[in-house]
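Fold and geometry: a report
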Amino acid sequence: MRSTVHEREAVARWHVARPPRPSRTAGVSLAGFGDRSPDPVDLPVIPHPAVTLIVECGGGPLVVSDATGRQQRGSFVAGLAPGAVRMRGENVTCVEVHLSPLVAYAVLGVCPAELDRSVLALEDLWGRDAERLREQLDAAASWDDRFSLTEALLARRSGTGPSVDPEVARAWDRISVSRGRVRVADLAAGVGWSRRRLWSRFRSQIGLAPKHAAMLVRFRHAAHRLTAGGSASRVAAECGYADQSHLHREITAFTGMTPTALAGDPRLAVEDIAWAQHRVDETG
């Protein structure tokens, strides 16, 4: 049974907008967020098995800080598993884009591996296109208009980088479908490659080694189960962790938080609302 407390808190804090139809660009999903609390935003960027773009479109400026204390302002791109990153601001309004790592290179024009699990200013990747999009979103009359403008730019930029190898795509799809519960040796055998070749090609094109990618996908499934009200011991067993301590270690490694703190984080609750239509059913 889902916990509704965190959902009510998320609804009270955020206006969440979703596009009326799926993206025309494969591997792309969008959502819109508007902060309606008088208090400043101070939230972790929780790792996700996608490259994430946050595009400002009104309100106060975003300030993003990483584990080293380095800060940057404005729209940004977060690579896979970026580490302990926080997003701060007031009256924040933004469009968030999730890019499957299978299409991230084609859309961004940079390989996910080059992001090095970091956070970069969107202007550093897109130059004037990033600033023009922010201005257009700020002037847009509705969320539907904002989504259309963002979609148009993504479609225009799609194809600026190469596609991943079919074998890499099949390995990623199997990791996703299995929710991270697959052995690297089985992935390699399934695509007809050696483990070394799979590791090299997967790491260079996706941005993570296959084992770390599986850990990330499993972590996200576990995080959603915790948000839904599951106990740490039950979630650990359901998601394939050796024990509760194993779950605790991986969640701490990805987020710097304990399972209890992660389960109560408002960012996860609002994500459940925003991306529900894009997630695999996790009731099993």
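Our structure is the block above this text.
Because the structure is a prediction, the values reported are computed rather than measured.

As for the nonpolar core
Formed by 40 residues in total, the largest nonpolar core has its most connected members in Ile175, Leu198, Phe202, Phe219, Leu247 and Leu262. Secondary-structure elements contributing two or more residues to this core are helix H7 (166–177), helix H8 (184–191), helix H9 (195–206), helix H10 (210–227), helix H11 (232–238), helix H12 (244–255) and helix H13 (259–263). Sort the elements by how many residues they give to this core and H10 lands first, with eight residues. Once residues lying within four places of it in the same chain are set aside, the contact partners of Phe202 are Val168, Ala171, Trp172, Ile175, Gly207, Leu208, Ala209, Pro210 and Ala213. If you look at the next biggest cluster of nonpolar residues, it comprises 25 residues, including Val55, Val97, Leu122 and Trp126.

Comments concerning the pattern of salt bridges
All chains considered together, the criterion is met by 11 salt bridges. Between Arg218 and Glu250 there is a salt bridge, and its shortest N-O distance comes to 2.9 Å. Linking Arg218 in helix H10 with Glu250 in helix H12, this pair joins segments that are 32 residues apart in sequence. The exposure class of Arg218 is buried, given its relative accessible area of 12%. Taking the relative accessible area as the measure of exposure, Glu250 reaches 7% and is therefore buried. One network of salt bridges, in which partners are shared, links Asp42, Arg86 and Arg88.

Overview of the packing of aromatic side chains
Under the definition given, this model contains four aromatic pairs. Ring centres of Trp14 and Phe33 lie 6.3 Å apart, and the angle between their planes is 85°; this geometry places the pair in the edge-to-face category. Residue Trp14 is located in strand S1 (residues 14–17), and its partner Phe33 is located in strand S2 (residues 28–35); the two are separated by 19 residues in the primary sequence. Each member of the pair, Trp14 as well as Phe33, is classed as buried. Pairing Trp172 with Phe202 gives two aromatic rings, centres 6.5 Å apart and planes at 35°, and the pair type is tilted. Placement of the pair is Trp172 in helix H7 and Phe202 in helix H9, with a sequence separation of 30 residues. The same class applies to Trp172 as to Phe202, namely buried. The ring of Trp143 is capped by Arg146, whose NZ or CZ atom sits 4.6 Å from the centre of that ring. Against the face of Trp193 rests Arg197, its NZ or CZ located 4.7 Å from the ring centre.

Topic: the environment of Ala228
Here Ala228 is to be found in the loop between H10 and H11. Residue classification places Ala228 among the buried positions, given a relative accessible area of 13%. Placed 151 residues apart in sequence, Ala228 and Val77 show a C-alpha to C-alpha distance of 28 Å.

Criteria and cut-off values
Every chain's residues receive numbers from 1 upward, in the order its sequence appears when written. The predicted nature of this model means local features are confined to residues of pLDDT at least 70 and side-chain atom pairs, given and counted, to a pLDDT of 80 or more, with totals for whole chains, interfaces and linings taken over all residues. Only hydrogens and water are set aside when side-chain values are computed; all heavy atoms of the structure are taken into account. Here, nonpolar core refers to any group of buried Ala, Val, Leu, Ile, Met, Phe, Trp, Tyr and Cys residues whose side-chain atoms link them within 4.5 Å. Only protein chains enter the accessibility calculation, which uses a 1.4 Å probe; a residue whose area is less than 20% of its type maximum is buried, one above 50% is exposed, and one in between is partly exposed. Secondary structure is summarised from DSSP: a helix means a run of H or I of at least four residues, a strand means a run of E of at least two, and numbering begins at the N terminus for each. Only heavy atoms matter for contacts: two residues are in contact if any of them lie within 4.5 Å across the pair. A carboxyl oxygen of Asp or Glu within 4 Å of a side-chain nitrogen of Lys or Arg is what we treat as a salt bridge. Any pair of Phe, Tyr and Trp rings, taking the six-membered ring for Trp, is counted once the centres come within 6.5 Å. Such a pair is stacked with planes under 30 degrees apart, edge-to-face with planes over 60 apart, and tilted for the rest. Any Lys NZ or Arg CZ found within 6 Å of a ring centre and within 35 degrees of that ring's normal is scored as a charge over the ring.

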